Amino acid sequence: MSVAPHTDRPVALIDLLDRLLQGGVVLTGDLVLSIADVDLVRIDLRAVIAPVAAAHPTLPL
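Model, not experiment: these values are computed from the prediction.

### Examining a nonpolar patch on the surface
The grouping of Val-11, Leu-13, Leu-16, Leu-17, Leu-20, Leu-21, Leu-27 and Ile-49 at the surface amounts to a nonpolar patch, some 710 Å² of accessible area in total. Of the residues examined, Ile-49 reaches a relative accessible area of 36% and is grouped as partly exposed.

### Examining unusual backbone geometry
For Ala-36, which is not a glycine, the phi torsion comes out positive at approximately 55°. A relative accessible area of 71% means that Ala-36 is categorised as exposed. Of note, Asp-37 is a non-glycine position whose phi angle comes to about 60°, a positive value. Structurally, the position occupied by Asp-37 is in the loop between strand S1 (25-35) and strand S2 (38-49). A relative accessible area of 78% means that Asp-37 is categorised as exposed.

### Examining the pairing of S2
Note that S1 and S2 share 11 bridges and pair antiparallel. By the bridge assignment for S2, Val-25 is matched with Ile-49. If you look at the hairpin formed by S1 and S2, you'll find 2 residues sitting between the two strands, and Ala-36 has a positive phi there, around 55°.

### Some points on the pattern of salt bridges
In total, this model carries 1 salt bridge according to the counting rule given. The partner of Arg-42 in a salt bridge is Asp-44, with the nearest N and O atoms 3.3 Å apart. Residue Arg-42 is classed as exposed on the basis of its relative accessible area, which comes to 58%. Owing to a relative accessible area of 38%, Asp-44 belongs among the partly exposed residues under this scheme.

About the criteria used
Residues numbered from 1 in each chain as written. Predicted model: local features only at pLDDT ≥ 70, side-chain atom pairs only at ≥ 80, totals over all residues. Heavy atoms only, no water. Patch = residues over 30% accessible without salt bridge, like charges linked within 9 Å, V, L, I, M, F, W, Y side chains within 5 Å. Areas by Shrake-Rupley, 256 points an atom, 1.4 Å probe, with all protein chains shown as cover. Salt bridge = Lys/Arg side-chain N within 4 Å of Asp/Glu carboxyl O. Buried < 20%, exposed > 50% of the residue type's maximum accessible area, 1.4 Å probe, protein only. Helix = DSSP H or I, 4+ residues; strand = E, 2+ residues; numbered from the N terminus. Pairing = 2+ DSSP bridges.

Listed below in structure tokens is the structure:
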């Protein structure tokens, strides 16, 4: 996949999402709920989003 040089033309959000999802995306994040500096809940989030063809190349599309 080649990357075009930076241009000043606007890019639609759907085009950006389509390009990202073609190769796959890894999302990570941390969420901590606390009261008075006491951590009550901690959630670590990790997600891998990839096209079905990349995850299972034997599936017919």
